[in-house]
Amino acid sequence: MSTTDPALEASTSPAGSSSTSPSHTDRLAADHRRALRANDPEVYAAIVGEEERERRGIELIPSENYTYPEVFACNGSVMTNKYAEGYPGRRYYGGQEFTDAIERLAIARAKELFGAEHANVQPLSGSPMNQAVYMGFLEPGDKVLAMDLSHGGHLTHGAPVSHMGKIYEFARYKTKPDGSGDIDFDLLRAQALEHRPKMVLVGHSSYPRDYDYGAFQRIADEIGALTMADVSHIGGLIAGKALANPIDAGFDFVTTTTHKSLRGPRGGMILCKKEHAKTVDKAVFPGLQGGPHMNAIAGIAVTLGKALQPEFREYARATIANAKALAEALVEKGAKLVTGGTENHLMVVVTTDTYGIDGRVAEETLDEVSITVNKQIVPDDPNPPLRPSGIRLGTPAATTRGFGEEQMRQLAGWIDAALRHHDDEGKLAEIRGEVEALCLAYPVPGLS
Ligand code: DSN
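The structure displayed is predicted, hence computed values, not measured ones.

A. A look at the pairing of strand β5 (residues 143–147). Extensive coverage of β5 is indicated by the burial of four of its five residues. Bridge count between β5 and strand β6 (residues 169–173): five bridges; the pairing is parallel. Opposite Lys143, over in β6, you have Glu169 as the bridge partner.

B. Expanded view of the side chain of Arg55. Positionally, Arg55 belongs in helix α3 (residues 41–56). For Arg55, the side chain forms a polar contact with the side chain of Glu52, separated by 3.1 Å.

C. Highlighting a nonpolar patch on the surface. On the surface, Tyr83, Tyr92 and Tyr93 cluster together into a nonpolar patch covering about 400 Å² of accessible area. Here Tyr92 shows up in the loop between β3 (90–91) and α5 (97–114). With a relative accessible area of 61%, Tyr92 lands in the exposed category.

D. Structural view of the side chain of Thr258. Turning to its location among the elements, Thr258 is positioned in the loop between β9 (253–257) and β10 (268–272). Owing to a relative accessible area of 1%, Thr258 belongs among the buried residues under this scheme. What Thr258 contacts, discounting residues up to four positions off in sequence, is Arg263, Gly264, Pro265, Arg266, Gly267, Gly268, Met269 and Ile300.

E. Highlighting the pairing of β9. A large share of β9 lies buried, amounting to five of its five residues. Burial of β9 is two-sided: the residues Phe253, Thr255 and Thr257 facing one way and the residues Val254 and Thr256 facing the other way are all buried. Here strand β8 (residues 226–230) runs beside β9; their pairing, made up of three bridges, is parallel. Each residue of the ladder has a partner; that of Met228, found in β9, is Phe253.

F. Region of interest: the site of the ligand. Residues in contact with the ligand, as listed here, are Ser63, His154, Ser205, His233, Lys260 and Arg392. At 2.6 Å from an oxygen atom of the ligand is found a side-chain nitrogen or oxygen belonging to Ser63. One of the side-chain nitrogen or oxygen atoms of Arg392 is found 2.7 Å away from an oxygen atom of the ligand. If the ligand stood free it would expose 230 Å²; the protein chains cover 63% of that surface. When its residues are assigned to classes, the shell around the ligand shows no nonpolar, four polar and two charged.

G. Seen up close, a negative patch on the surface. Taken together, the side chains of Asp367, Glu368, Asp423, Asp424 and Glu425 make up a negatively charged region of the molecular surface. By secondary structure assignment, the location of Glu425 is in helix α18 (residues 425–440).

H. Representation of the layout of surface pockets. By volume, the second largest pocket is sized at about 300 Å³. Taken together, 22 residues line the second largest pocket, and the ones lying closest to its centre are Gly179, Val338, Thr339, Val378 and Pro379. Considered class by class, the residues forming the lining of the second largest pocket number 11 nonpolar, eight polar and three charged.

I. A look at the sheet that holds β6. Taken in spatial order, the seven strands line up as β4-β10-β9-β8-β7-β5-β6 in an open sheet, and their pairing is mixed. Two strands lie at the open edges of the sheet, namely β4 (118–120) and β6, each paired on one side alone. Taken over all neighbouring pairs, the strand axes of this sheet differ in orientation by 20° on average, direction set aside. Across three bridges, β4 lies against β10 in antiparallel orientation. Residue pairing for β10: Ala119 is matched across the bridge by Leu271. The sheet strands contacting helix α6 (residues 126–137) are β6, β7 (199–203), β8, β9 and β10, and the helix crosses β9 at an angle near 160°. Sheet strands in contact with helix α11 (residues 277–288) are β4, β9 and β10, and its direction is about 0° off that of β4.

J. Summary view of the environment of Glu314. By the secondary structure assignment, Glu314 is in helix α13 (residues 310–333). The exposure class of Glu314 is partly exposed, given its relative accessible area of 41%. It is 26 Å that separates the C-alpha atoms of Glu314 and Val202, two residues lying 112 residues apart in sequence.

K. Inspection of the packing of α13 against helix α17 (residues 405–420) at higher detail. Closest axis-to-axis distance for the α13/α17 pair is 8 Å, and the angle between their directions is 40°. One element, α13, and the other, α17, form an angle in the oblique class. Two packed elements cross with a definite hand, and for α13 against α17 that hand is right-handed. Residue-level contacts link Ala321, Asn322, Ala325, Leu326, Ala329, Leu330 and Lys333 of α13 to Glu405, Met408, Arg409, Leu411, Ala412, Gly413, Ile415, Asp416 and Arg420 of α17. Of the residues that constitute the contact of α13 with α17, the class distribution is nine nonpolar, two polar and five charged.

L. View of the pattern of salt bridges. All chains considered together, the criterion is met by 23 salt bridges. Residue Asp100 is joined to Arg91 by a salt bridge in which the shortest nitrogen-to-oxygen separation is 2.7 Å. A relative accessible area of 10% places Asp100 in the buried class. Two residues, Glu343 and Arg209, come together in a salt bridge whose shortest N-O distance is 3.5 Å. With a gap of 134 residues between them, Glu343 in the loop between α13 and β11 (346–350) and Arg209 in the loop between β7 and α9 (213–223) connect regions that are remote in the sequence. Judged by its relative accessible area of 32%, Glu343 is partly exposed. Overall, the relative accessible area of 14% leaves Arg209 in the buried class. Counted as one network, the salt bridges with shared partners bring together Glu52, Arg55, Arg56, Arg432 and Glu436.

Calculation notes
- Residues numbered from 1 in each chain as written.
- Predicted model: local features only at pLDDT ≥ 70, side-chain atom pairs only at ≥ 80, totals over all residues.
- Heavy atoms only, no water.
- Buried < 20%, exposed > 50% of the residue type's maximum accessible area, 1.4 Å probe, protein only.
- Helix = DSSP H or I, 4+ residues; strand = E, 2+ residues; numbered from the N terminus.
- Pairing = 2+ DSSP bridges.
- Polar contact = N/O pair within 3.5 Å; in protein donor to acceptor, adjacent residues only side chain to side chain.
- Patch = residues over 30% accessible without salt bridge, like charges linked within 9 Å, V, L, I, M, F, W, Y side chains within 5 Å.
- Areas by Shrake-Rupley, 256 points an atom, 1.4 Å probe, with all protein chains shown as cover.
- Salt bridge = Lys/Arg side-chain N within 4 Å of Asp/Glu carboxyl O.
- Contact = heavy atoms within 4.5 Å.
- Near = heavy atom within 4 Å.
- Nonpolar A, V, L, I, M, F, W, Y, C, P; charged D, E, K, R; others polar.
- Lys, Arg positive; Asp, Glu negative; His and termini not counted.
- Charge placed at Lys NZ, Arg CZ, Asp CG, Glu CD.
- 1 Å grid on protein atoms, 1.4 Å probe; cavity = no way out; pocket = protein on both sides within 12 Å on 5 of 7 lines; lining within 4 Å.
- Points joined across faces, edges and corners; volume = space filled by probe spheres on them.
- Axes fitted to C-alpha atoms, helices over the stretch in contact; angles between N-to-C directions.
- Parallel < 35°, antiparallel > 145°, perpendicular 65-115°, else oblique.
- Left-handed = near helix turned anticlockwise from the far one by under 90°.

Have a look at this one:
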């Protein structure tokens, strides 16, 4: 494993400097890396190895992204030292001048970006974010109507293997059997009238379509149910005005992670109506969590500030354009895609169909050519989750890196060729060389 570190090579720092001048601050990151290299070479080597992997290859896992250099600075800052249970202006520990300023900024930016009446930016990530909403507004045994996992839903939407699936009673809706990916709202309404859920949940981790949130809201209104949209995957695309915003349709709760299409640090946010604000805040703390991760919240504030800039709208648009280009090129090569294509940032390729290999073999094959994807179940998949029938691809990270539609078509060619020649080591080595040559021409933000 290489331990060459450009950040160190480019920088020098006099030992024992106590200056707080900008030049000293600028040297801190390199000082921290030097300390890690000297004192824990094994962890250091793994981090340098991951940096090199990210440089040489391309991330097509749709829930991943390359975060901002400013977020690295926040993640590695003194904010990691601070306990801040409570909320700005009402904490349980002293010394909160700067934590309060950061959390207030993050909250204000989240509200402005999504047009929300209230925002809680403390959830540690996606699972606790969703759990907090359930725990705040549902009683054990309450019913929720949510999307089927294999049709695109998510584990935290009550999959039987999750605790949420044991505490609450989840009924499932699916997409139409015609393969279009459309949701049958007549059927969904009938299910709602039959089960009378307390909450109707919209959201996915592998659904390549946008939603008609108004149709969900109308059905929920008919039965007096709460509405929740988990837009973790598409939070950045909604923020960038490239996809519909459930808040505009009157949803009670919108949850999103911050590290996917939003490009921020790992974390979660709950956006809600003012009438739910107190319950949401109490559900997050003290209901579910202790001290918020203030280093992550600093990074979230930065991320939301960036997403408010006009350039972010262009990023959201380009992410979807890239996904469409990649999907179209794959279909032209003969690949079978769930729903036939995409309207957002992701697509699911049925690898058992065209390529005669399951998703695990496909994922491992693409790893060999430095293209990172994940194995994925497809609707009503007959195969088990660790050997499912497909793979999931997405474009938020590649778009961040500067890839455009031309590079998407190149990637489609390499993906198709690698999957067709999955047992030809020579061919895979040749493709890997081509992929890495392209990737090295597009530096990873913060790692150049
Ligand atoms: N792990 C995330 C994803 O890949 O969709 C969601 O939890």
